[in-house]
Amino acid sequence: MRYVVVGAGAVGGTIGGRLAQHGHDVVLVARGAHAERMAADGLRVLTPDGPVHVRPAVATGPDDVRLTAGDVLVLAVKVQDTAAVLPAWAAAPLDGGPAGLTAGSRLPVVCAQNGLEGDRLAQRWFRHVVGACVYLPATHLEPGTVVAEGAPVSGALLLGRTTAGPREHAERVAADLSGAGFVARAVDDVGPAQRGKLLSNTANAVDAVVRDEELDAGAADALREDARAEGAAVFAAAGLPVADQLQALPELRGLGFGAAPVAGAERGGSSSWQSLRRGGTVETDWLNGEVVRRGRVLGVPTPVNEALQVLADAAARSGAGPRTLAVADVRRLVDELARVS
């Protein structure tokens, strides 16, 4: 199989880089300076064990790739960009295939994203959608380089089909990832793990908006715990099971998996912090916003997640950058929202 990684940033670059390192045919899809640097000099993957340099093919969109029936698309853009990129990939013709047969009709797409909405969006354009729960600490701030901090493996992924069809796609991808420096497994239902990861990801907005000097204080920890508790209450009200990392992938027990220091690189923060640092949009609407949306439907109050959503969005729109607010600023908005009926 050839892997076409759509969005070769922190997560996509780590997955595509490791697959290329272990002999798989890979196309990295990116834009701007990142695509230009990779096309000219390859991709550098900085890891706790030292740098890896690979030179896979690079593309900026479906017009640059001649897709075939043996390809697998790995969707690693932020979930808020899903609807902007998938229609063109789904409409791309397959080289040597019957007239009118497109990628959306034939190729599997693996949604290696945070949140819960990416799978549902992909189902609009692709017949075969594989959902993923991705535990992968990584950073992308410099064109041509990703920092893969995971150790002793680069990441852990649980894969499961979210459309009717063969489980074979998830199993084959999991097998390839398992041989390329990841812990990976295919399951029938990836939903509980994705919901558990979402609860953890509600803390991303705290990391993105709260000042550096307060991030390790008890008040910030309490804010994270309150955001997570609201999410847990929403899923409990809906009767939806949740699995944490070790419940989802018990094979991680004893590995000591987590983020480790990487020579020449300093981990700055969560994916939301990285987005604000680069001046881009944030996925808060699809993380904290997912909790808020479900809470509104079910009548479960979620003022902490709503405040974090509003403030992270405001930081992205204004270009203020990350970590400009005190915890007290967040709490004031939480209190105001809690009073709104």
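Attention in this report is confined to the structure presented alongside it. Keep in mind that this is a model prediction, so the values were computed, not measured. The residue numbering used here restarts from 1 in each chain and proceeds along that chain's sequence as written. Residue-level local features of this predicted model are given only where pLDDT is at least 70; pairs of side-chain atoms are given and counted only at 80 or more, and the full residue set underlies all totals for whole chains, interfaces and linings. The basis for every side-chain value is the complete set of heavy atoms in the structure, and neither hydrogens nor water enter the calculation.

**Details of the overall build of the protein**
- Put simply, DSSP H or I for four residues or longer makes a helix, DSSP E for two residues or longer makes a strand, and each gets a number counted from the N terminus. Per the secondary structure count, the protein includes 14 helices and 14 strands.
- Only the C-alpha atoms count toward the radius of gyration. The rule for a globule is 2.2 Å times the residue count to the power 0.38. Radius of gyration (C-alpha) of the protein: 20 Å, near the 20 Å computed for a compact globule of 341 residues.
- Reported as C-alpha extents along the three principal axes, the dimensions of the protein are approximately 60 × 45 × 40 Å.
- Considering the protein as a whole, with its 341 residues, one finds that 55% of them fall into the buried category. With a 1.4 Å probe rolled over the protein chains alone, any residue whose accessible area is under 20% of its type maximum counts as buried; one over 50% counts as exposed, and the rest are partly exposed.

**Details of the sheet that holds strand β3 (residues 43-47)**
- Pairing is mixed in the open sheet, where 4 strands are placed in the order β4-β3-β10-β9. Lying at the two open borders of the sheet, with one neighbouring strand each, are β4 (50-54) and β9 (138-139).
- At least two bridges found by DSSP between two strands is the condition for calling them paired. With 5 bridges connecting them, β3 and β4 associate as antiparallel partners. Along β4, the bridge assignment pairs R44 with H53.

**Quick look at the nonpolar core**
- What is meant by a nonpolar core is a set of buried Ala, Val, Leu, Ile, Met, Phe, Trp, Tyr and Cys residues, joined one to another through side-chain atoms within 4.5 Å. Core analysis: the biggest nonpolar cluster contains 37 residues, and I15, L159 and L177 have the highest contact counts within it.
- Here, two residues are considered to be in contact whenever any of their heavy atoms come within 4.5 Å of each other. Not counting chain neighbours up to four residues away, the residues in contact with L177 comprise I15, L19, L157, L159, F182 and A184.

**Considerations on the sheet that holds strand β1 (residues 2-6)**
- Strand order in the open sheet formed by 8 strands is β5-β2-β1-β6-β7-β8-β12-β13, with mixed pairing between adjacent strands. Taken across any chain shown, the strands that pair with only one partner, and hence form the sheet edges, are β5 (57-59) and β13 (182-186). For this sheet, the mean inter-axis angle between neighbouring strands, taken without regard to orientation, is 25°. Axis angles are defined between N-to-C directions and span 0 to 180 degrees, where every axis is a line fitted to C-alpha atoms and, for a helix, only to the segment in contact.

**Section: the environment of A243**
- You can see A243 is positioned in the loop between α9 (218-238) and α10 (245-248).
- The class for A243 is buried, based on a relative accessible area of 13%.
- Separated by 49 residues in sequence, A243 and Q194 have C-alpha atoms that sit 7.9 Å apart.
- Not counting residues within four places of it along the chain, the set of residues in contact with A243 comprises P192, A193, G196 and A248.

**Examining the pattern of salt bridges**
- Basic side-chain nitrogens of Lys or Arg form a salt bridge, by our definition, when they fall within 4 Å of a carboxyl oxygen of Asp or Glu. The full count for this structure, using the stated rule, is 17 salt bridges.
- For R167, the salt bridge identified is with D188, shortest N-O distance 2.7 Å. A residue pair is termed long-range when its members are at least 10 positions apart, and R167 in the loop between β12 (155-161) and α6 (168-178) and D188 in the loop between β13 and α7 (191-201) qualify at 21 residues.
- On the basis of relative accessible area, R167 is assigned to the partly exposed category, the value being 28%.
- Residue class for D188 comes out exposed when judged on its relative accessible area of 55%.
- In this structure, the salt-bridge partner of E306 is R296, at a minimum N-O distance of 3.4 Å.

**Section: helix α2 (residues 32-41)**
- Within α2 the residues assigned to the buried category are H34, A35 and M38. Looking straight down α2, one finds that the buried residues subtend no more than 95° of arc, so they occupy a single side.
- Contacts made by the buried residues of α2 are with β2 (25-29), β3, β5 and β10 (145-148). This arc is taken over the directions from the axis of the helix to the C-beta atoms.

**Describing the packing of helix α13 (residues 303-318) against helix α14 (residues 327-339)**
- Packing of α13 against α14 brings their axes to within 8 Å, and their N-to-C directions diverge by 120°. As far as their axial angle goes, α14 and α13 are oblique. Our pair here, α13 against α14, has a crossing hand that is right-handed. Of α14, the residues touching α13 (which contributes P303, V304, E306, A307, L308, V310 and L311) are V330, R331, L333, V334, L337 and A338.
- When the residues that make up the contact of α13 with α14 are grouped by side-chain class, the tally is 11 nonpolar, no polar and 2 charged. Put simply, angles under 35 degrees are roughly parallel, angles over 145 are roughly antiparallel, angles from 65 to 115 are roughly perpendicular, and the rest are oblique. Throughout, a crossing is termed right-handed when the near helix is turned clockwise from the far one, and left-handed when it is turned anticlockwise from it by less than a right angle. Polar here means any residue other than Ala, Val, Leu, Ile, Met, Phe, Trp, Tyr, Cys and Pro, which are nonpolar, and Asp, Glu, Lys and Arg, which are charged; Gly is therefore polar.

**What to know about the pairing of β1**
- Most of β1 is tucked away, with 5 of its 5 residues classed as buried.
- The two faces of β1 match: R2, V4 and V6 on one face and Y3 and V5 on the other face are all buried.
- Pairing of β1 with β2 involves 5 bridges; the strand directions are parallel. Paired with V6 across the strands is V29, a residue of β2.
- Sheet topology places β1 next to strand β6 (residues 71-75); 5 bridges connect them, and they run parallel. Each bridged residue has a counterpart across the sheet, and for R2 the counterpart in β6 is D71.

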